[in-house]
Amino acid sequence: MECLKNSFKRVLLSPVTYIVILAFAIRVWNVDSNPAGFFTDEASIGYNAYSVLKTGKDEWGKPLPVFFKAFGEYKNPIYIYSSIPFILIYGPTEKGVRMTSVIYGILTIFSIYLLTKELFNKKVGYLASLFLAISPWHVHLSRIGFELIASLFWVILSFYFLYRWIKGKSDLIYGLISLLIAYFTYYTPKIYLPILVILFIFLNINRIKKNGLSKSDEGKIFIILILFFSLIIPSLIDKTFFARWQEVKSQNITFQDLAEGYLNHFATEFLFTKGDSGFTGQYLTRHSIVGIGQLFWFQLPLILIAFYGFFKNPKWQRPLLFMLGTLLVYPLGSVFTGILPQATRSSLGVIPFQILSALGFYILISLIKQKFARIFVSLIFSGFILFSFINFIDQLKTYPIHSSDYLGWQYGFRQSMDIMKKNQNSFEDLFITHRFNRGEELLKFYNLSYNCGKCKIMSNPISIDVEKKQLFSLRNEDLEEAERLYPELNFRNITQVNLPSGKPELFIGSFEKL
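Below is a short write-up of the structure. Just so it is clear, the model here is predicted, and its values are computed rather than measured.

A few words on the overall build of the protein. When helices and strands are counted, the protein shows 26 helices and five strands. Relative to a compact globule of 514 residues, whose C-alpha radius of gyration would be 24 Å, the protein shows 25 Å and is just as compact. Taken along its principal axes, the extent of the C-alpha atoms in the protein is 85 × 60 × 55 Å. Out of the 514 residues belonging to the protein, those deemed buried represent 54%.

It is worth spelling out the pattern of salt bridges at this point. Any two side chains of opposite charge can pair, on the condition that their charged atoms come close. The final tally for this structure, using the stated rule, is 17 salt bridges. Of the charged contacts, one joins D41 and K75 as a salt bridge, the two residues approaching to 2.8 Å between their closest N and O atoms. Remark: K75 occurs in the loop between helix 3 (40–55) and helix 4 (77–90) and D41 occurs in helix 3; sequence separation between them is 34 residues. On the basis of relative accessibility, which here comes to 3%, the residue K75 falls in the buried class. As a salt-bridge pair, K169 and E118 come within 3.0 Å of each other at their nearest N and O atoms.

Think of an α-helix as turning once every 3.6 residues; residues three or four places apart then point the same way. Helix length check: helix 21 (residues 350–367), at 18 residues, gives a terminal C-alpha distance of 26 Å against a target of 26 Å (1.5 Å per residue), a fit within 8%. Counting buried positions along helix 21 yields 16 of 18 residues, so the element is predominantly enclosed.

Attention shifts here to unusual backbone geometry. Cis peptide bonds are those with omega within 30 degrees of zero, and the linkage from N34 to P35 qualifies with 10 degrees. Among the secondary structure elements, P35 is positioned in the loop between helix 2 (15–28) and helix 3. The omega torsion of the bond from N460 to P461 falls at 5 degrees, within 30 degrees of zero and hence cis. By the secondary structure assignment, P461 is in the loop between strand 2 (455–457) and strand 3 (470–474). The phi dihedral of Q410 falls on the positive side, at around 55 degrees, and the residue is not glycine. By the element assignment, Q410 lies in the loop between helix 23 (399–403) and helix 24 (413–423).

Inspection of every chain in the model, using the stated rule, returns 44 aromatic pairs. Relative to F353, the ring of W137 lies with its centre 6.4 Å away and its plane at 35 degrees, an arrangement referred to as tilted. Highlighted residues: W137 in helix 7 (residues 136–141) and F353 in helix 21, separated in sequence by 216 residues. Since its relative accessible area comes to 4%, F353 is described here as buried. Their ring planes at 45 degrees and their centres at 6.2 Å tell us that Y308 and F311 sit as a pair that is tilted. Among the aromatic residues, those joined into a cluster by ring pairs are W137, Y262, F266, F270, Y330 and F353. The ring of F427 carries K469 above its face, with NZ or CZ at 5.6 Å from the centroid.

A word on the environment of L479. Inspection of the secondary structure assignment puts L479 in helix 26 (residues 476–485). With sequence-adjacent residues up to four places away left out, L479 is seen in contact with L474, F491 and F507.

Moving on to the environment of N76. Within the fold, N76 resides in the loop between helix 3 and helix 4. Between the C-alpha atoms of N76 and S378, which are 302 residues apart in sequence, the distance is 43 Å. Beyond its immediate chain neighbours, meaning those up to four positions away, N76 contacts F67, F68, E147, Y183, F184, T185, Y186, Y187 and K190. Within the structure, the side chain of N76 is placed 2.7 Å from the side chain of K190, a separation counted as a polar contact.

Let us now look at the sheet that holds strand 4 (residues 489–498). The strands that make up a sheet pair up through hydrogen bonds in the backbone, lying either parallel or antiparallel. One open sheet holds the five strands; their spatial order is 2-1-3-5-4, and the pairing between them is mixed. The sheet is open, and its two borders are formed by strand 2 and strand 4, each paired with just one other strand. The sheet shows a mean angle of 25 degrees between the axes of neighbouring strands, taken without regard to direction. Two elements, strand 3 and strand 5 (residues 504–513), share three bridges in a ladder whose sense is antiparallel.

Before going further, it helps to spend a moment on the side chain of S83. Considering the arrangement of structural elements, one finds S83 in helix 4. Exposure remark for S83: the relative accessible area of 0% places this residue in the buried category.

Mapping G212 onto the fold places it in the loop between helix 11 (205–211) and helix 12 (215–237). The class for G212 is partly exposed, based on a relative accessible area of 31%. Note: C-alpha distance between G212 and K75 (137 residues apart in sequence) is 38 Å.

Basis of the calculations
- Residues numbered from 1 in each chain as written.
- Predicted model: local features only at pLDDT ≥ 70, side-chain atom pairs only at ≥ 80, totals over all residues.
- Heavy atoms only, no water.
- Helix = DSSP H or I, 4+ residues; strand = E, 2+ residues; numbered from the N terminus.
- Rg over C-alpha atoms; globule rule 2.2 N^0.38 Å.
- Buried < 20%, exposed > 50% of the residue type's maximum accessible area, 1.4 Å probe, protein only.
- Salt bridge = Lys/Arg side-chain N within 4 Å of Asp/Glu carboxyl O.
- Expected span 1.5 Å × (residues − 1).
- Phe/Tyr/Trp six-rings, centres within 6.5 Å; stacked < 30°, edge-to-face > 60°.
- Lys NZ or Arg CZ within 6 Å of the ring centre and 35° of its normal.
- Contact = heavy atoms within 4.5 Å.
- Polar contact = N/O pair within 3.5 Å; in protein donor to acceptor, adjacent residues only side chain to side chain.
- Pairing = 2+ DSSP bridges.
- Axes fitted to C-alpha atoms, helices over the stretch in contact; angles between N-to-C directions.

Set out below in structure tokens:
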């Protein structure tokens, strides 16, 4: 009993506990309605998780698949299977899908503390977890139902266990299992994870040789490799393993494009001023919070100061080289898809940037010997951090105003379904515009709740039968198309769906003869 009391007391007094509470509050606040809308990938994940929960099969009837066919891109399994408990709790809803990201985000904050403590020390670990907790980049990824958030947790956990293993503190199997899981979280770890493992081995080869691989370790590596190949060989044979890669990679990319795309990931416009959504040439607003960079400006000097650690402490040199290597590798998930930096496909970058910022802050304070000056500098930086955080929260609150249209989160499908369901007894056909990104997936997901048998995705181009009572949910482009194809008909607007900004987005009504 005394041991339990002491453990509880340690947890209660640990700064990580309060950092995690803060992080959870930021991530769970209005997560079902901010972002406003629900993207196709989220709906597909939710639908497949629900299907596995109820039938043990995906939407195509395949039992417990390694890769989910979904709408042809073959999603990785970890996020979908991780979503099942939350779909069970919250049902097939936006919150049910996004709560998986919230929890992965919280776990990542704790895991970055563990890794940073292992690489440097406990105080740097506290700072790294704090910076990740308030990071605009990570907060956004923790509030959307995209599978990439799972990769960050499992990648960090993998190297935490590997670093503990070379120090003789942990069994190798934990690192190997975490690496295996990380590989099946998202498609970008398939690119950068082998590089990071090779870098880890190269930087720590002397210690690995000194400790030696036991027969048990060799057996564990062999078993994990057998398991790994048994999982991927079927998808390599049927060519589905690279399906998502074939879908997103640029077809005519040049070396110049690769170089420009790579360097763009280190541009101040991307990192500190405008982020992904505001970057020159970018038109999508769902990859980052609008009006703010991926990092805070106060992090820039801290990141630069961090490399003084090469000289300050010889024990930090290899961990710093590993962080530098991770920094150099992070754009690889994105550069082959175009010259614009993407906060989602290059999400690995959020890890080294926060750890280096934390180390830089720790070094800066430790270099100041006078107590009063140290307190003064700490207060100044704390003020910058607080100001940056408050500004970020303001941008987060207004994010739905800037990101709910077609180029963002495509707000309006649930609202259309709600109206259609209420009017289904008055009409023979209920059509929702095809101008949603893969609206069929959205329809399948929302029909789990609405069970609207008459609801369908409208044909392309629009087809109207005035002999039937038909209700449509249309965009402006649909109305213009109808006017060209059916000049003899008039659209009678019954109601409309407005974006959070107040702008009309969908018009719901029927057609009648002039």
